[in-house]
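# Overview (structure and organization)
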Amino acid sequence: MTLLEARNLGVGYKIPGPGLFSASRMLPIVHDLSLSLEAGRTLGVVGESGCGKSTLGRALLRLIPPSAGQVLWQGEDMTLIPDLRRRRAEMQIIFQDPVAALDPRMTLARIVSRPLSTFEPNLSRVQVRARAVDALQQVGLSADFADRFPHELSGGQAQRVGIARAIIGRPKLIICDEPVSALDVSIQAQVINLLMELQEKMGLALVFISHNLAVVRHISHEVMVMCLGRVVEQAPRDAFYARPLHPYSQALMDAVPEPNPKRERGRVGTALAGELPSVLNPPRGCVFASRCPKATDLCRQTRPELREVAPGRQAACHFIET
Amino acid sequence: MSVDLTLTEAAPPRSASTLQLQFRRFRSNRLAMLSVGLLALIVLACFFGPYAFPFTGEDADFDFISAPMDLWSPHPFGTDEYGRDLLVRVLEGGQVSLTIGFLGALVAGVIGVLYGAVAGYAGGRADGLMMRLVEILYGFPYVILVILLSLLFGGGNLALFAAIVFTLWLTPAVIVRAQAQSLARREFVEAARAGGMTGWQIVVEHIVPNCISVVIVYGSLLVPEVILSESFLSFLGIGIKEPQASWGNLIASGTSAMDSDLRLLLLPGTLLALVLLCLNFIADGLRDAFDPNDR
């Protein structure tokens, strides 16, 4: 069964109107987005800063209320789930800044086990403590970390604590919001491998939000590319990395630096020309038209719909032959 | 790329929590610790000192009316024009002033912290309305408010206390609200919501504890402020009334007798000044210990 499904999801932030009592306005961030995720699978979400990736992640968990469409959790509309607070044990999130995600005044045992008092209120103190230590050990931290404070940790250790907090309620889904972009490269690999190991062990589904294409390639089964709040391409991992179809995806791929400096110097045309359109004033046509090398008047006037361009692949561009 | 994850990381050597570190730093501040000692001494003297005398501060001794200071007589610091022992009266007045000071600061602090934390965490329109209310209350003339409240409560200590709390919770509310606003955007608050905590639980368990260092520092400045406003109101004759003593009304009656006998002014005045100095040094020490820029 489909674990998580979004149907025509739209998310926006309320921004205050001009006066104290005037109506607030909606600043739309994510438009008309649909996705579905099976248990045990990983969906990689890529896109540049400000494209709505993180907002999407929070809306999928209903940490931000959506402004349009719906999110289904195991076929159930999330807005109608009674006592969603308790059910949050099944869907967790880990964050980009691992240290900011831990309350500096709490011990790690308390941070990790705090959700249990909501999810499983009948546990005794001893049981809670045992679960916290167990969760810490599952992420590779020894039991003597339990009484430490966050300021004693390195970034990688702090992210592991974040993961331990996420897995303590035995979730089915974890939203990973750029979980490694604040970490050293060597630590990134450890955290990614830990996530993959936990995924295998617990049958977790992951939504892996990142702007790092190499990391997404390593962990994902499916890749979704977002641009200015819209999906422009969605494809299975191997097909996507073999040949990205949308010009925006191609531009993202081109922007990955070449490790060999001799070849890096010889590369041409990697930088995109043109302006990123403002969220406050979104373009009428294709979201990428202002920067796309192939854009025509058609692109600037009419927005291309997301359509099936190959079996299992979708893209939103006028110029992809099916 | 393959990393052996079966090898668990050992914890670094034990160290203290932030709060423990901050108090350790406070203890190494000699002036502040001296002030804590002196303040404790004054508090103890005020609350237990009067029991060392066979009379209370309201008993008149007609053999010693306006007796001068004589350390070997039954009235070591002399008496006032009604024959009441000055030292006992000052100590009893200290009980009133200190109680109102600490209790007032505590109540005003708790109200202000909760109000500010809720406003800062809620944000948006609720925050706007709550803060406009604070601004309106800020605009209220203090003395007029006290007079209104004493009419409402029929005067007395309750009216005084209400007036003091009513005006002094505003500043901690504004301070904590700013702090809560920045905390509400931190990711651990989002993690708490993902962990199923309610808004109120987040305010009490995450927002307030993280404001505590600011609150402790401000609270220690609030105590002298409350004592001062009690003294000020009693000096004006609105606050604590005769025959009950407070440092404020003792100083007031001392001032009127200033030309003939300076001692009536000096004893309560010195004690009040000492307490205020101590509290300010303590507040200073706390601020140094808690200031993150100093770390």
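Residues numbered from 1 in each chain as written. Chains lettered and ligands numbered in written order. Predicted model: local features only at pLDDT ≥ 70, side-chain atom pairs only at ≥ 80, totals over all residues. Heavy atoms only, no water.

## So, the interface of chain A and chain B
- Chain A puts 46 residues into the contact, and the matching count from chain B is 39 residues.
- Overall, the association of chain A and chain B removes approximately 3600 Å² of surface from exposure, summing both partners, and the carbon and sulfur fraction of that is 52%.
- If you look at where chain A meets chain B, you find three salt bridges.
- At the boundary of chain A and chain B, one finds eleven residue pairs in polar contact (both at pLDDT 80 or more).
- Where the side of chain A that touches chain B is concerned, the elements lending two or more residues are strand 6 (91–94), helix 4 (116–119), helix 6 (155–167) and helix 7 (185–202) of chain A.
- When residues of the side of chain A that touches chain B are assigned to their parent elements, the largest contribution, five residues, is made by helix 7 of chain A.
- Grouping the amino acids of the side of chain A that touches chain B by side-chain chemistry returns 18 nonpolar, 13 polar and 15 charged. (Contact = heavy atoms within 4.5 Å. Buried area = accessible area lost by both parts, 1.4 Å probe. Salt bridge = Lys/Arg side-chain N within 4 Å of Asp/Glu carboxyl O. Polar contact = N/O pair within 3.5 Å; in protein donor to acceptor, adjacent residues only side chain to side chain. Helix = DSSP H or I, 4+ residues; strand = E, 2+ residues; numbered from the N terminus. Nonpolar A, V, L, I, M, F, W, Y, C, P; charged D, E, K, R; others polar.)

## Considerations on the layout of surface pockets
- Computed from the structure, the largest pocket encloses a volume of approximately 1200 Å³.
- What lines the largest pocket is a set of 32 residues, and nearest its centre among them are Y13(A), K14(A), A122(B), G123(B) and G124(B).
- Those elements that provide at least two residues to the lining of the largest pocket are strand 1 (2–15) of chain A together with helix 3 (86–122), helix 4 (124–138), helix 7 (170–184) and helix 8 (187–194) of chain B.
- Split by residue class, the lining of the largest pocket holds 14 nonpolar, nine polar and nine charged. (1 Å grid on protein atoms, 1.4 Å probe; cavity = no way out; pocket = protein on both sides within 12 Å on 5 of 7 lines; lining within 4 Å. Points joined across faces, edges and corners; volume = space filled by probe spheres on them.)

## Here we look at the packing of aromatic side chains
All names here are of chain A.
- Taken as a whole and judged by the stated rule, the model has three aromatic pairs over all chains.
- Taken together, a centroid distance of 5.0 Å and an interplanar angle of 70 degrees make the contact between Y248 and F288 edge-to-face. Here Y248, found in helix 10 (residues 247–255), pairs with F288, found in the loop between helix 11 (261–266) and helix 12 (297–301); they are 40 residues apart in sequence, far enough to count as distant.
- Among the residues examined, Y248 registers a relative accessible area of 1% and is labelled buried. (Phe/Tyr/Trp six-rings, centres within 6.5 Å; stacked < 30°, edge-to-face > 60°. Buried < 20%, exposed > 50% of the residue type's maximum accessible area, 1.4 Å probe, protein only.)

## Points about the pairing of strand 1 of chain A
- Where strand 1 of chain A meets strand 2 (residues 25–38) of chain A, ten bridges bridge the pair, whose relative direction is antiparallel. Each bridged residue has a counterpart across the sheet, and for I15(A) the counterpart in strand 2 of chain A is R25(A). (Pairing = 2+ DSSP bridges.)

## Topic: helix 6 of chain A
- With 13 residues, helix 6 of chain A ought to run about 18 Å at 1.5 Å a step, and its terminal C-alpha atoms sit 19 Å apart, in line with that.
- The buried fraction of helix 6 of chain A is high, at twelve of 13 residues.
- Among the residues of helix 6 of chain A, those classed as buried are G156(A), Q157(A), A158(A), Q159(A), R160(A), V161(A), G162(A), I163(A), A164(A), R165(A), A166(A) and I167(A).
- On its buried face, helix 6 of chain A sits against strand 6, helix 3 (108–113), helix 5 (125–138), strand 7 (173–177) and helix 7 of chain A together with helix 8 of chain B. (Expected span 1.5 Å × (residues − 1).)

## Remarks on the sheet that holds strand 10 (residues 230–236) of chain A
All names here are of chain A.
- In space, the eight strands of this open sheet follow the order 6-7-8-3-9-10-12-11, with mixed pairing throughout. A single partner strand is all that each edge strand has here, and the edge strands are strand 6 and strand 11 (307–310). For this sheet the average axis-to-axis angle between neighbouring strands, irrespective of direction, equals 25 degrees.
- As defined by bridge partners, strand 11 adjoins strand 12 (residues 313–315) across three bridges and the pair is classed as antiparallel. Within the sheet, the bridge partner assigned to R307 lies in strand 12 and is A315.
- Sheet contacts for helix 7: strand 3 (42–46), strand 6, strand 7 and strand 8 (205–210); angle to strand 8, the most-contacted strand, approximately 160 degrees. (Axes fitted to C-alpha atoms, helices over the stretch in contact; angles between N-to-C directions.)

## Some remarks on unusual backbone geometry
Residues and elements named next belong to chain A.
- At Q74, a residue that is not glycine, the phi angle is positive and equals roughly 50 degrees.
- Tracing the backbone shows Q74 in the loop between strand 4 (68–73) and strand 5 (76–77).
- Phi is positive for E178, which is not a glycine, with a value near 50 degrees.
- Within the secondary structure layout, E178 lies in the loop between strand 7 and helix 7.

## Topic: the packing of helix 5 of chain A against helix 6 of chain A
All names here are of chain A.
- Where helix 5 contacts helix 6, the two axes come as close as 8 Å, and the packing angle between them is 130 degrees. Between helix 5 and helix 6, the angle falls in the class oblique. Note that helix 5 runs across helix 6; the crossing there is right-handed. Residues A135, L136 and Q138 of helix 5 touch helix 6, and the partners they reach there are V161, A164 and I167. (Parallel < 35°, antiparallel > 145°, perpendicular 65-115°, else oblique. Left-handed = near helix turned anticlockwise from the far one by under 90°.)

## Remarks on the sheet that holds strand 5 of chain A
All names here are of chain A.
- On the basis of which strands lie adjacent, the open sheet formed by four strands has the order 2-1-4-5 and antiparallel pairing. Pairing within the sheet leaves two strands with one partner each, and these edge strands are strand 2 and strand 5.
- Packed onto the sheet, helix 1 (residues 53–60) meets strand 1, strand 2 and strand 4 and runs at close to 115 degrees relative to strand 1.

## Quick notes on the confidence of the model for chain A
- Summing up the model confidence of chain A, the mean pLDDT is 87 and the portion of residues at 70 or higher is 97%.
- Mean pLDDT per element in chain A: helix 11 of chain A is the minimum at 71, and strand 3 of chain A is the maximum at 94. (pLDDT = per-residue confidence, 0-100.)

## A short note on the confidence of the model for chain B
- Counting all residues, the mean pLDDT for chain B is 79, and 81% of those residues have values of 70 or more.
- A low-confidence stretch, residues 1–5 of chain B stays under pLDDT 50, and its non-local contacts, those more than four residues away or across chains, total eleven contacts.

## Comments concerning empty space enclosed by the protein
- Summed over the entire model, instances satisfying the criterion amount to three cavities of 30 Å³ or more.
- Each pocket or cavity is described by its volume, and for the largest cavity that value is around 100 Å³.
- Every residue lining the largest cavity is listed: D103(A), M106(A), I111(A), R114(A), P115(A), R165(A), F188(B), A191(B), A192(B), G195(B), M197(B) and H206(B).
- Looking at the lining of the largest cavity residue by residue, the class counts come to seven nonpolar, two polar and three charged.
- Size it by volume and the second largest cavity reaches roughly 80 Å³.

## Here we look at the nonpolar core
- Core analysis: the biggest nonpolar cluster contains 60 residues, and V161(A), I163(A) and L195(A) have the highest contact counts within it.
- Residue contributions to this core peak at six residues, all from helix 6 of chain A.
- Setting aside residues up to four positions removed in sequence, I163(A) forms contacts with I94(A), V139(A), V191(A), L194(A), L195(A) and L198(A).
- In this structure, V90(B), V217(B), V226(B) and V275(B) belong to the second largest nonpolar core, which totals 59 residues. (Core = buried A, V, L, I, M, F, W, Y, C linked by side-chain atoms within 4.5 Å.)

## Quick word on the pattern of salt bridges
- Tallied over the full model, the rule gives 18 salt bridges over all chains.
- Across the pair E90(A) and R87(A) runs a salt bridge, and its minimum N-O distance is 3.2 Å.
- Classification of E90(A) as buried rests on a relative accessible area of 17%.
- A relative accessible area of 22% places R87(A) in the partly exposed class.
- Of the charged contacts, one joins R177(B) and D127(B) as a salt bridge, the two residues approaching to 2.7 Å between their closest N and O atoms. Note that R177(B) is positioned in helix 7 and D127(B) in helix 4, a separation of 50 residues in sequence.
- A cluster of three or more residues bridged by salt bridges with shared partners is formed by R58(A), D177(A) and E190(B).

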